[in-house]
Amino acid sequence: ICIALPSVDRFIDTVVGEVCVLYREAGVPLRVIHTGGDEVPVGAWLGSPRCRALMEEKGWDVQALHDDFIERCRAILARHGVEYAGWDETALMREGERMLPNPRFAGPDFHVYVWNNRWGSGQEDCAYRLANAGYDVVLSNAANLYFDLAYAKHPQEPGYYWAGFVGTRNAFGFCPLDARAMPDLDPMGHALDRSVLDALQPLDAKGSARIRGIQGQLWGENARSRARLEYLALPRLIGLAERAWAADPGWQDIAAQEERAARAQRDWNEFANRLGQRELPRLDRARRPWDYRLPPPGAVVKDGLLHANVALPGLAVHYTVDGLDPSVRSPRYAAPVALGGARVLKLATFDTRGRGSRIVTLNLEQP
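To start, this report covers the structure provided alongside it. (Residues numbered from 1 in each chain as written. Predicted model: local features only at pLDDT ≥ 70, side-chain atom pairs only at ≥ 80, totals over all residues. Heavy atoms only, no water.)

Considerations on the overall build of the chain
Rules: Numbering of helices and strands runs from the N terminus; a helix is a DSSP stretch of H or I covering at least four residues, while a strand is a stretch of E covering at least two. Relative accessibility thresholds used throughout: buried, under 20% of the residue-type maximum; exposed, over 50%; partly exposed, between the two (1.4 Å probe, protein chains only). The contact criterion used is simple: two residues touch if any of their non-hydrogen atoms lie within 4.5 Å.
Within the chain, the secondary structure is distributed over 12 helices and 13 strands. With the principal axes as the frame, the chain shows a C-alpha extent of 85 × 45 × 40 Å. Looking at the chain residue by residue over its 367 residues, the buried ones come to 46%. Considering only contacts within the chain whose residues lie at least 6 apart along the sequence, 66% involve residues at least 24 apart.

Here we look at the packing of aromatic side chains
How two aromatic rings sit relative to each other is given by the distance of their centres and the angle of their planes. Quick note on the threshold: For this analysis, a ring pair means two rings from Phe, Tyr or Trp (six-membered ring only for Trp) whose centres lie within 6.5 Å, classed as stacked if their planes differ by under 30 degrees, edge-to-face if by over 60, and tilted for the remaining angles. Lysine NZ or arginine CZ positioned within 6 Å of the ring centre and within 35 degrees of the ring normal marks a charge as sitting over the ring.
Applying the stated criterion to the full structure yields 15 aromatic pairs. On the numbers, 5.9 Å between centres and 65 degrees between planes, the contact of F172 with W251 is edge-to-face. In this pair, F172 is assigned in helix α7 (residues 168-172) and W251 in the loop between α11 (236-245) and α12 (257-284), connecting sequence segments 79 residues apart. The same class applies to F172 and to W251, which are both buried. Here a set of aromatic residues connected by ring pairs shows up, and it is made of W87, Y113, W115, Y146, W162 and W219. Over the aromatic face of Y151 sits the side chain of R236, whose NZ or CZ is 3.8 Å from the ring centroid.

Observations concerning the environment of G207
Here G207 is to be found in helix α9 (residues 205-209). Note on G207: relative accessible area 0%, which makes it buried. Each C-alpha atom of the pair G207 and A143 lies 21 Å from the other, and the pair is 64 residues apart in sequence. Once residues within four sequence positions are removed from consideration, G207 is found in contact with A131 and N132.

Here we look at the sheet that holds strand β12 (residues 344-350)
How we decide: Strands are labelled as partners when DSSP assigns at least two bridges between them. Every angle, taken between N-to-C directions, lies between 0 and 180 degrees, and every axis is a line fitted to C-alpha atoms, over only the stretch in contact when it is a helix.
Strands sit in the order β10-β12-β13 across an open sheet of three strands; the sheet is antiparallel. Every interior strand has two partners, whereas the edge strands, β10 (316-320) and β13 (360-363), have only one. Taking the axes of each pair of neighbouring strands and ignoring which way they run, one obtains an average angle of 20 degrees across the sheet. Both β10 and β12 contribute to a ladder of five bridges, which runs antiparallel. Counted as the bridge partner of T320 is K346 from β12.

Here's the deal with the environment of L305
Within the secondary structure, L305 sits in strand β9 (residues 305-309). On the basis of relative accessibility, which here comes to 30%, the residue L305 falls in the partly exposed class. Here the alpha-carbon distance between L305 and P281, two residues 24 residues apart in the chain, equals 30 Å. When residues no more than four places from it in sequence are discounted, the contact partners of L305 are V300, P336, V337 and A338.

Things to note about α11
What counts here: Taking the helix axis as origin, the arc is that swept by the directions to the C-beta atoms.
Buried residues of α11: R236, G239, L240, E242 and R243, and no others. Around the axis of α11, the buried residues are gathered within 160 degrees of arc, so they sit on the same side. Considering only its buried residues, α11 is in contact with α6 (142-145), α7, β7 (211-214), α10 (226-233) and α12.

Points about the environment of Y319
By the secondary structure assignment, Y319 is in strand β10. Classification of Y319 as buried rests on a relative accessible area of 11%. Each C-alpha atom, one on Y319 and one on L345, is 7.1 Å from the other, the two residues being 26 residues apart in sequence.

Looking at helix α3 (residues 49-58)
Listed in full, the buried residues belonging to α3 are C51, L54 and M55. One side of α3 carries all its buried residues, which in axial view fall inside an arc of 100 degrees. Summarising the geometry of α3, the exposed residues directed more than 90 degrees from the buried face are P49, E56 and E57. For α3, the secondary structure elements touched by its buried residues are α2 (42-46) and α4 (62-79). At the C-terminal side of α3, G59 shows a positive phi close to 75 degrees.

Focus on the sheet that holds strand β11 (residues 337-338)
Read across the sheet, three strands follow the order β8-β9-β11 without closing on themselves; strand pairing throughout is antiparallel. Each of the sheet's edge strands pairs with one partner strand only, and the pair in question is β8 (298-302) and β11. Judged from the five bridges that link them, β8 and β9 form a sheet pairing that is antiparallel. From the neighbouring strand, V300 faces β9, where its bridge partner is H307.

Focus: the nonpolar core
Keep this limit in mind: To qualify as a nonpolar core, a set must consist of buried Ala, Val, Leu, Ile, Met, Phe, Trp, Tyr and Cys residues joined through side-chain atoms within 4.5 Å.
One finds F110, V112, V114, L130, Y135, V137 and L139 to be the most contacted residues of the largest nonpolar core, which totals 43 residues. Secondary structure elements with two or more residues in this core: α1 (6-25), α4, β2 (83-87), β5 (110-114), α5 (126-132), β6 (136-139), α6 and β7. Setting aside residues up to four positions removed in sequence, V112 forms contacts with G86, W87, D88, A91, L130, Y135, D136, V137 and V138. Counting residues in each nonpolar core, the second largest holds 28 residues, with C175, L234, V317 and A342 among its members.

Notes on the side chain of D125
Threshold: Two N or O atoms form a polar contact when they lie within 3.5 Å of each other; inside protein one atom must be a possible hydrogen donor and the other a possible acceptor, and for residues adjacent in sequence the pair counts only when both atoms belong to side chains.
On the secondary structure map, D125 appears in the loop between β5 and α5. A polar side-chain atom of D125 sits 2.9 Å from the main-chain amide nitrogen of Q201.

Side note on the pattern of salt bridges
Side chains carrying opposite charge are able to pair once their charged atoms draw close together. As a reminder, the rule being used: Within this document, salt bridges are pairs made up of a side-chain nitrogen of Lys or Arg and a carboxyl oxygen of Asp or Glu, the two lying within 4 Å of each other.
All chains considered together, the criterion is met by 23 salt bridges. Note that R293 is salt-bridged to E157, the shortest N-O span being 2.8 Å. Taken together, the positions of R293 in the loop between α12 and β8 and E157 in the loop between α6 and α7 put the pair 136 residues apart, joining distant regions of the chain. Of the two residues, R293 and E157, both sit in the buried class.

Next comes the structure, spelled out in structure tokens:
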């Protein structure tokens, strides 16, 4: 890493200037540049002879070197009328075991995209602490808005799970102004300790005004086809759009937990019906239909009857009792079904094109 060289500053300054000219000529002036800046290991600084020499010359530690680099980048962008943006690490400093807001950069021209809110990380309230400290914040929370994470825990579901599993409801049910308001379970399905939630720092009035938006992320290193990309993005992206652009449902303003949960459930039911009955069929009718994820059905056998449902009403559920994989030509579930002597039950969800979800199999011979 040679970030301390003046020639690097001149190079960055030249590139930014040329890029800004291109944007102005296109009629879309560039106002903010996201510089990245996340997950840089300390060894990347210490392994650079030039960085070590500069730290010895100035009497700096790694934090001071980091801050100097950020300040120089910010000054270069400012000369071209462009504001600075970066991931949360660019605005944090280490104090013991904790990462705290760095007071050096707080201001309206410094935009922080906060990604690390993984439950159990100690950073669950990082976005709110930064907003309260004076930073403009874009919520990019991994536990709700990372679409390269798997939808559910299943070997046929592609994606990571380092921050848990992210279903469509996780994106829709994200409460931007109060992360404490909604969760009953963490993204791994474990019950949350309410005392941990209650200890998170809430947004103050000024901090709430500094939440500039929310952003979903889909990192593409494992999305090696268009079909995989669309599967990971949709329908979660529609849940994100609903939360970003629709009116605030006000869940955080309902004090009683049971009433808040009931209101959120009502809103989800309404959204799920719109999604399954209207929006997904529109994707089916597109000139190039979208390969969005179909949620598999839920099923239980009780007193010899099959009971089934699907997360998005309007999608068809078809089943078989002869061991064959279901298709749109198989019986469609509409009401509880008597199974008689069936040994193997298979179900799948289907869209209007006849495309099916992953198959759910129940072995009725098992106790």
